[in-house]
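# Secondary and tertiary structure notes
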Amino acid sequence: MSLFPTMPEMSGETPAALQPLAERMRPRTLDEFIGQEKLLGPGKPLRVQIEKDNLSSMLLWGPPGCGKTTLARVIARLTRSEFVSFSAVLSGIKEIKEVMAEAERRSRAGHRTIVFVDEVHRFNKAQQDAFLPHVEAGHILFIGATTENPSFEVISPLLSRTKVYVLESLTTPQIVELLRRALEDKERGLGNERIEVTEEVLFRMAAFANGDARAAYNTLELCVRSAKEENAEAKGATGVVAETAAARADLEAGTLKKEEEGARRAHARVARDGGVKPPLQSRGTVKRITAELLEDVLQRKMLRYDKAGEEHYNLISALHKSVRNSDPDAALYWLARMIESGEDALYLARRMVRMASEDIGLAEPGALAVTLAAKEAFDFLGAPEGHLALAQAAVYLSLAPKSNALYVGYGNVMEDVRKTEADPVPLHLRNAVTGLMKNIGYGEGYKYAHNFEEKVTDMTCLPENLAGRVYYQPSEQGFEARLRVRMEEIARIKKRATGS
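Residues numbered from 1 in each chain as written. Predicted model: local features only at pLDDT ≥ 70, side-chain atom pairs only at ≥ 80, totals over all residues. Heavy atoms only, no water.

### Observations regarding the side chain of Thr 70
With respect to the helices, strands and loops of the structure, Thr 70 is situated in helix H5 (residues 68-78). The buried category is assigned to Thr 70, whose relative accessible area is 8%. At 2.7 Å, the side chain of Thr 70 forms a polar contact with the side chain of Arg 26. If near-sequence neighbours (up to four positions away) are discounted, Thr 70 is found in contact with Arg 26, Pro 27 and Phe 33. (Helix = DSSP H or I, 4+ residues; strand = E, 2+ residues; numbered from the N terminus. Buried < 20%, exposed > 50% of the residue type's maximum accessible area, 1.4 Å probe, protein only. Polar contact = N/O pair within 3.5 Å; in protein donor to acceptor, adjacent residues only side chain to side chain. Contact = heavy atoms within 4.5 Å.)

### Digging into the packing of helix H18 (residues 345-360) against helix H20 (residues 387-399)
Where H18 meets H20, the axes come as close as 11 Å, and the angle between the chain directions of the two elements is 15°. For the element pair H18 / H20, the angle class is roughly parallel. Where H18 crosses over H20, the two elements pack in a sense that is left-handed. Contacts between H18 and H20 involve Ala 345, Ala 349, Met 352, Met 355, Ala 356 and Ile 360 from the former and His 387, Leu 390, Ala 393, Ala 394 and Leu 397 from the latter. Across the contact of H18 with H20, the residue classes tally to 10 nonpolar, one polar and no charged. (Axes fitted to C-alpha atoms, helices over the stretch in contact; angles between N-to-C directions. Parallel < 35°, antiparallel > 145°, perpendicular 65-115°, else oblique. Left-handed = near helix turned anticlockwise from the far one by under 90°. Nonpolar A, V, L, I, M, F, W, Y, C, P; charged D, E, K, R; others polar.)

### Thoughts on helix H10 (residues 172-184)
For H10, which comprises 13 residues, the first-to-last C-alpha distance of 19 Å matches the rise-based estimate of 18 Å (1.5 Å per residue) to within 8%. Along H10, the residues that are buried comprise Thr 172, Gln 174, Ile 175, Val 176, Leu 178, Leu 179, Ala 182 and Leu 183. Buried residues in H10 make contact with helix H2 (21-24), helix H3 (37-40), strand S6 (195-197), helix H11 (199-208) and helix H12 (213-226). (Expected span 1.5 Å × (residues − 1).)

### Some remarks on the side chain of Lys 402
Position of Lys 402 relative to the elements: it lies in the loop between H20 and helix H21 (405-419). Asp 359 provides the closest opposite charge to the buried, salt-bridge-free Lys 402, at an N-O distance of 8.4 Å. In this structure the side chain of Lys 402 is engaged in a polar contact, spanning 2.7 Å, whose partner is the backbone oxygen of Ser 398. Within the structure, Lys 402 has its side chain in polar contact with the backbone oxygen of Ala 400 (distance 2.6 Å). Each residue touching Lys 402, except ones within four places of it in the same chain, is listed here: Val 323, Arg 324, Ser 326, Asp 359, Ile 360, Ala 363, Leu 397, Ser 475 and Gln 477. (Lys, Arg positive; Asp, Glu negative; His and termini not counted. Salt bridge = Lys/Arg side-chain N within 4 Å of Asp/Glu carboxyl O.)

### Some details on the environment of Asn 149
Of note, Asn 149 is situated in the loop between strand S4 (140-146) and helix H8 (150-153). Along the primary structure Asn 149 and Trp 61 are separated by 88 residues, whereas in three dimensions their C-alpha atoms are 7.1 Å apart.

### A word on the confidence of the model for the chain
Confidence in the prediction for the chain averages 82 pLDDT; 83% of positions are at 70 or higher. H20 holds the highest mean pLDDT among the elements of the chain, 96, whereas helix H13 (residues 245-253) holds the lowest, 41. Across residues 1-12, where pLDDT falls below 50, the model places 22 contacts with residues more than four positions away in sequence or in other chains. A low-confidence stretch, residues 234-283 (pLDDT under 50), is modelled with 66 contacts involving residues beyond four sequence positions or located in other chains. (pLDDT = per-residue confidence, 0-100.)

Structure, rendered in structure tokens:
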């Protein structure tokens, strides 16, 4: 009798109807897996290892709902090894030692055991130590999953014997695709129910999941359970209708009436030709997932927002212009609006890095460091804790002295680069790395600034056709006021050096 527990999905002990939608919709093959293309795309090393059943011990590190446990279960389906699953929340040292002893016996008989530990960061040092000799001896192949940085949460000896794979949060379009699958899948999903939902509501549902597929499935399931059945003819859905796995099956079986079949064929023709899909009308009842229902389920207001459309650009414009106008209150408001609407926080961080250079520049050199630190803080903390770091950066940028001198200067440079001849580098600025180069004048006339008392020379460094051009003209704001004084001092030194 084996000590190895069979994985629940493989035992059939829990009827599918009683399982949550997120559990039923777990991918069963690598082809069904969405996301993590860097690791599991065709030809990627991890995918090749899984397909060849030639794995090594590994740690899967990523945020909740990104597919760590699902990937382990896919491996369980594809491997020829004995597969045992631990939960760090439920298992203790006694259970670990019993299973490790059984794995060692199997190893000596020529059979391999894969041990999967979910939430491995919850195991203490002694529990993790119990795996170590068996990993080292090759009795087991260890797969751990964690939402925490393994550098801090996994003991060094175990960490050094595993390959860490970093999984990323799913994008909003990827989660939308998963929700569509659930709505259309008759075997495991909701395809046997008549459900109507617009593209906008699906997007909002996915955006609020914040990269967590499990959270998105749970929200969809709650919405379906909460939706009231309505007469299908009472109101047509607007936008994309995601109801139709069961309806298509009925159509193929010839059970719909001819007028309904004709309407559906017309709908298909319009969709095929790139037109706007008209609402489907059919007899019977339907469950409609509306924006109002989603608000009730999420217990939060759905703000008007289209991540890829006009409202996205309106809001980021408002944030940027509020920062530029030194209005921290407005900057905080527009930042919060975008975050609450489901905007990617790292997109906001990137835009604020841009603001630090475009609108502040050298008037406050620390602005760039603050925005980069905010990005790193969000990466480290995630949502919602990391949102405060973005708010801190937005206020800092708003209150910082403003200057677009760097932005204007770089723009003028780019204009000259595009419009003027690409003159060669002056000979005195070239390095004479060979005798030939020295003989033809490379480096001749170069003045080494450190050999001069004031560390400034009158040497020209621009190409001849642009000599004398001034691109960077600092403002009187913040640190740039000091830079302006320094530039005037440099100009006086050069003037004295030329005797003019």
